[in-house]
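Geometric and topological summary
One-letter residues, chain by chain:
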Amino acid sequence: MLEKDMEKAYDHLQTESDWYRRWQENGLFTPAPEPAGIPFSIILPPPNVTGSLHIGHALTLSLPDIIVRRKKMQGFHVLWLPGVDHAGIATQMVVEKNLKKETGQTKEDLGREKFLQLVWGWKDASEQKIVGQIKKLGLALDWSRMKFTLSDEMQRVVRKVFVALYREGRIYQGTYMVNRCPSCKTVLSDLEVEHKEVQGRLTYIRYPLLRDPKRWVVVATTRPETLLGDVAVAVHPKDARYKKLIGQELRLPLTGRTIPLLGDEDVDREFGTGAVKVTPAHDPADFKIALKHNLEKIVVIDEQTRMTGPIPEKFIGLDRFACRQAVLEDLRAQGLVEKEEEYVHNVGHCQRCETVVEPNISKQWFLKTAELAQPAIAAVRDNEITFIPDKWKKVYFNWMENIQDWCISRQLWWGHRIPAFYCQDCQEVVVDETDPERCPTCGGSRLVQDEDVLDTWFSSALWPFTTLGWQDDSADFRTFYPTSIMATGFDIIFFWVARMIMMGLHFGKAVPFREVLINGLIRDEKGQKMSKTRNNAVDPLEIIREYGADALRFTLAVQAVPGMDISLSVSRVKGYKAFANKIWNASRFVVMNLKGDEAATIDAGAISDADRWILHELNTLVEKVNISFDEYRMYEAADLIYHFIWDEYCDWYLEFSKSDLASPATRAVLKFTLRRILQLLHPFMPFISEEIYQRVKGDKDFLIQTEFPAFSKDLVFPEAHAAMETLKKVVAETRKTRTENRIEPNKKVPIFLKCDSPAERLHLEKHLKYFDFLSRSLGTEIVADLSVLPRGFRGVSQNWEILLPFVDDQDRQRELQRLRGEHDKLAKLIAQMEGKLAGGGFADKAPAEVILNFKKNLQEYIEKKAKIGKTIDDLS
RNA sequence: GGGCGGUUAGCUCAGCUGGUAGAGCAUCGGUUUUACACGCCGGGUGUCAGAGGUUCAAACCCUCUACCGCCCA
């Protein structure tokens, strides 16, 4: 791997195969035991152990890695801590589905213990796969501190936190309206319910007045089957249509029950007829109304979504949707349907399985959040935590200020078991950090633990401080908490970020992180969300295999404008693979030409102007890149580096250097600049930069141990820089003139130049060897008057005229035609600019600097036009 | 119903505090010049969604409209 020979084509597979192992073996990702430098820490957002990583992970994971690697190189005391998430409901579902597919069994067939064994097996396999993928991406994670949200250690902490919150009175058990997914067979938090527009049907149903059955109140509903559980009809108390009827009794169709018509301010007068049916057991809004008016809650749909309760025999046992039809038929038959209309409305769906959720009443565990939210809001308001981009702050506030208590219990098997025990003798509830042997109230020993587990986000909320060992008051916790940055997607700001802030402040006694870096979603080339069902998901491993992890990382980095979605185009990855090849070959050139006698430092007196020019350019680049990094614009830093390497370093500097290879001073600059480039590149492309670094190594064994470049006052060379810029300008114009006139690229021709600026003329005279080489000149003369020379093709650039002698008269004709075209174009532009200068107030009101610049440009065009005009005369 | 994004070259996207538009890919012409054909040299391409306003000056600020997407209720 270290031999000097470099293949002509860069082989990313070979380069990316082994470095990770060596980095790890050398402990490069593990912070030194003795704190050195300012602590900087990032906790990896733990991927779910549901299978493997998708391309979205590649983004969320590699962005912080870019930051982390630079911080390491800047001498910070860095920790980048990995982990995986048990992902309760998601993982359980995957394993259940698998079980069904492979053996036809359900988890109930296996029983809790055996099923959990199966899940643990799945978890191990999935974790292994994920860790492998992460390593392929090259993330500089400290695996010695790897964590899992459901490890023994985490089970202990979660229990400790649960008990503490219970004792503080923040966790309570209560019977409320919650969302239940009939397919996942568990309750869900409000956040796990996705509202989707569904084409439904609004049925207007007549509820006859008890006193006068010929009259009725009409209510509109999208769920006629819930009529069976109605306990009232409500109207707005100020609604003129119904005001007089409030207090009347209504006959509830199909049931023979009698229900009141009542007034409630929360009723929306605009919806339907303005009268709404009240089904407290199956609708959250109705539940609230029932509480206010002390109404009975009649359960008519059970947990399997079958009809139940005190309803006519014929409906019992029907599924909710079948019952809907049955109810409708009966209502129609009795002439109680006033009308039916198509209606688009929002229906809650399970986030995981997309089943329509069923709101129902059940006894669950809740966490009181209003109080915990207050300091969490303050922390963001007072900029103890900043969001990048800032706009997400507003989203955060909006949610936090209207936060509802969090339903934390789930009817699942895979997760943190709720540490509550029920005494079978006296019904006492015991919540403790250790399993109780006897009931503290009655002394009974018949204690049964709650069957439920905690919402997976409960343990996630504790992640930043528990991974660092808060529970044991560890050194890591004291050193690395609060962490520096949390990088994640906007889709889990509520699920995760908000809850980490609340819990971090409450238990960790400080914000869990200083910055929240929000990245967008990855979409496909057509801007569509990637998903398995659309079959447009991109496997990061496939991309890595084909183009390299470096190319993928660079593509993601350069496209990751904070908060914006990314359309991942494979053609772009391909482009950056080509970039890797370019870097490889530039390095190959440098390495091939090094002789081993190059000084480690730059001899400012001995180096050429070309050397000074690239050092100056590089220094400017370094300054810009650092600013971009510090303002979290990694995409900008990546783009700057890309263009520097390709457009300046390769296209110009390496070409200049070919004339100076005999100079040890220049070779030293070649080595120095290459090293700096590798350092700048390393956070983005860790593999190729390391591979090349090994060939131009300094006293550090690995690139990440070297210092990230910083702006240096000693590398500012404005004069040499200006000289080389002049040279570049004239070379470019000469090349253009050659191409336009179809002079064979390879053919060396005599070149004559005329210059109006004495300073620039000096620049070029000093550097003619570069000019000759880059312009393929047979010999270059700078003359005072071109008109005395043989006629030739002309090129004009600011302060310069170029002449390439004609070979025959056809050349002359072609040249005339071209010059006339250019002359016309300039005339038009000048007229436009002069017009602007003359009228409109531009000259009076624009800042002097702008006008000066404008006039300078105009003058330049005028001169250029004059020169071309004169040439035309000469040739005609 | 409330809120937030987006609409820039054929495609995917940059464009920071307003000063007459850029990248990658694609495309066209030329080229195997001893780091690189995953290359080199050169070129073309845009009423910056539409309308109005502020300004000497607007892709950028303000208002409205259209379309696409997202979040919350």
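Described below are features of the structure shown in this document. No experiment lies behind these values; they were computed from the predicted model shown.

So, the overall build of chain A
The helix and strand tally for chain A stands at 27 helices and 29 strands. Against the 2.2 N^0.38 benchmark of 29 Å for 876 residues, chain A shows a C-alpha radius of gyration of 37 Å, more extended than a compact globule. In chain A, buried positions account for 55% of the 876 residues. Partitioning the contacts of chain A with sequence separation of at least 6, the portion at a separation of at least 24 is 77%. Carbon and sulfur atoms provide 49% of the accessible area of chain A, an area that totals close to 39300 Å². The average position of the 120 basic charges and that of the 125 acidic charges among the side chains of chain A differ by 2 Å.

Description of unusual backbone geometry
A cis amide bond links Ile388 with the next residue in sequence, Pro389, at an omega value of 0°. With respect to the helices and strands, Pro389 occurs in the loop between strand E15 (386-388) and helix H10 (392-400). Of note, Leu254 is a non-glycine position whose phi angle comes to about 70°, a positive value. As for its placement among the helices and strands, Leu254 is situated in the loop between strand E10 (249-251) and strand E11 (258-263). Judged by its relative accessible area of 18%, Leu254 is buried. Even without being a glycine, Tyr632 presents a positive backbone phi close to 60°. Looking at the element boundaries, Tyr632 is found in the loop between helix H18 (609-630) and helix H19 (634-657). Owing to a relative accessible area of 17%, Tyr632 belongs among the buried residues under this scheme.

Concerning the protein's contact with RNA strand B
Around RNA strand B, the structure places 44 residues, and the nearest of them are Asn346, Ser567, Lys582, Arg588 and Lys845. Restricting attention to atoms of RNA strand B within 4 Å of the protein, one finds that 66% of them are sugar or phosphate atoms. In this structure, Trp646 approaches RNA strand B through a side-chain N or O atom, which is 2.7 Å from a phosphate oxygen. A distance of 3.2 Å is found between a base nitrogen of RNA strand B and a side-chain nitrogen or oxygen belonging to Glu655. Mapped by element, the contributors of at least two residues to the surface near RNA strand B are helix H17 (570-593), H19, helix H22 (718-740) and helix H26 (842-845).

Quick look at the packing of helix H15 (residues 540-547) against helix H16 (residues 549-559)
Relative orientation of the contacting elements H15 and H16 amounts to 115°, with a least axis distance of 7 Å. Touching Pro540, Ile543, Ile544 and Tyr547 of H15 are Ala549, Ala551 and Leu552, all from H16. Residue composition of the contact of H15 with H16, grouped by class: seven nonpolar, no polar and no charged.

Quick notes on the packing of aromatic side chains
According to the stated counting rule, one finds 42 aromatic pairs in the structure shown. Taking 6.2 Å as the distance between ring centres and 70° as the angle between the ring planes, the aromatic pair formed by Phe40 and Phe76 counts as edge-to-face. Of this pair, Phe40 sits in strand E1 (residues 39-43) while Phe76 sits in the loop between helix H2 (55-73) and strand E2 (77-81), and the two are 36 residues apart along the sequence. Taking the relative accessible area as the measure of exposure, Phe40 reaches 6% and is therefore buried. For Phe76, a relative accessible area of 23% puts it in the partly exposed group. An aromatic cluster is defined as three or more aromatic residues linked by ring pairs; in this entry it consists of Phe554, Tyr576, Phe579, Phe629, Tyr642, Trp646, Phe684 and Phe708. Of note, Lys71 hangs over the ring of Phe76, and the distance from its end group to the ring centre comes to 4.3 Å. Residue placement shows Lys135 over the ring face of Trp143; its charged tip is 5.3 Å from the ring centre.

So, H22
Its 23 residues place the ends of H22 33 Å apart at the C-alpha level, agreeing with the 33 Å of an ideal helix rising 1.5 Å per residue. Downstream of H22 by one or two residues, Arg742 has phi in the positive range, about 55°.

Quick look at the sheet that holds strand E8 (residues 216-221)
The antiparallel open sheet is built from three strands, whose spatial order is E8-E7-E13. The open sheet has two free edges, formed respectively by E8 and strand E13 (337-350), since each of these has just one partner strand. On average, each strand axis in the sheet is inclined to that of its neighbour by 20°, with strand direction left out of account. Seen against the sheet, helix H8 (residues 320-333) touches strand E7 (193-208) and E13 and runs at an angle of roughly 165° to E13.

Points about the pairing of E2
Burial analysis of E2 places five of its five residues in the buried class, the great majority of the element. Here E2 shows two buried faces, one formed by His77, Leu79 and Leu81 and the other by Val78 and Trp80. Here five bridges tie E1 to E2, and the two strands are oriented parallel to one another. When the bridges of E2 are listed, Phe40 appears paired with Val78.

Structural notes on the sheet that holds strand E26 (residues 749-755)
If you trace the four strands from one edge of the open sheet to the other, you get E27-E26-E29-E28, paired in mixed fashion. The sheet is open, and its two edges are formed by strand E27 (777-782) and strand E28 (792-797), each paired on a single side. Going from strand to strand, the sheet's axes swing by 20° on average, the running direction of each strand aside. Those strands touched by H22 are E26, E28 and strand E29 (800-805), and its axis lies near 40° from that of E29.

Structural notes on the pattern of salt bridges
Under the criterion given, the structure shown has 47 salt bridges. The shortest N-O distance in the salt bridge between Asp432 and Arg167 comes to 3.2 Å. Note that Asp432 is positioned in the loop between strand E19 (429-431) and strand E20 (447-449) and Arg167 in helix H6 (residues 152-167), a separation of 265 residues in sequence. Taking the relative accessible area as the measure of exposure, Asp432 reaches 25% and is therefore partly exposed. For Arg167, a relative accessible area of 56% corresponds to the exposed category. Measuring nitrogen to oxygen at the nearest pair gives 2.9 Å for the salt bridge that ties Asp425 to Arg446. Highlighted residues: Asp425 in the loop between strand E18 (420-423) and E19 and Arg446 in the loop between E19 and E20, separated in sequence by 21 residues. Through salt bridges with shared partners, a single ionic network connects Arg223, Glu225, Arg320, Arg324 and Glu358.

A word on the state of the cysteines
Within this structure, the stated rule accounts for zero disulfides. Cysteine Cys407 remains unbridged, with the sulfur of Cys350 as its closest cysteine sulfur at 13 Å.

A few points about the packing of H10 against helix H14 (residues 493-507)
Interaxial distance between H10 and H14 falls to 11 Å at its minimum, and their mutual angle equals 75°. Viewed along their axes, H10 and H14 adopt a mutual orientation that is roughly perpendicular. Touching Trp392, Val395, Tyr396, Trp399 and Met400 of H10 are Ile493, Phe494, Ala498, Arg499, Ile501 and Met502, all from H14.

Overview of the environment of Val276
Assignment of secondary structure puts Val276 in strand E12 (residues 275-278). We classify Val276 as buried; its relative accessible area is 17%. The spacing of Val276 and Val217 is 59 residues in sequence and 9.6 Å in space, taken between C-alpha atoms. Residue contacts for Val276: discarding those within four places in its chain leaves Val219, Ala232, Val233, Ala234, Val267 and Phe271.

How each quantity is defined
- Residues numbered from 1 in each chain as written.
- Chains lettered and ligands numbered in written order.
- Predicted model: local features only at pLDDT ≥ 70, side-chain atom pairs only at ≥ 80, totals over all residues.
- Heavy atoms only, no water.
- Helix = DSSP H or I, 4+ residues; strand = E, 2+ residues; numbered from the N terminus.
- Rg over C-alpha atoms; globule rule 2.2 N^0.38 Å.
- Buried < 20%, exposed > 50% of the residue type's maximum accessible area, 1.4 Å probe, protein only.
- Contact = heavy atoms within 4.5 Å.
- Areas by Shrake-Rupley, 256 points an atom, 1.4 Å probe, with all protein chains shown as cover.
- Lys, Arg positive; Asp, Glu negative; His and termini not counted.
- Charge placed at Lys NZ, Arg CZ, Asp CG, Glu CD.
- Near = heavy atom within 4 Å.
- Polar contact = N/O pair within 3.5 Å; in protein donor to acceptor, adjacent residues only side chain to side chain.
- Axes fitted to C-alpha atoms, helices over the stretch in contact; angles between N-to-C directions.
- Nonpolar A, V, L, I, M, F, W, Y, C, P; charged D, E, K, R; others polar.
- Phe/Tyr/Trp six-rings, centres within 6.5 Å; stacked < 30°, edge-to-face > 60°.
- Lys NZ or Arg CZ within 6 Å of the ring centre and 35° of its normal.
- Expected span 1.5 Å × (residues − 1).
- Pairing = 2+ DSSP bridges.
- Salt bridge = Lys/Arg side-chain N within 4 Å of Asp/Glu carboxyl O.
- Disulfide = S-S within 2.5 Å.
- Parallel < 35°, antiparallel > 145°, perpendicular 65-115°, else oblique.

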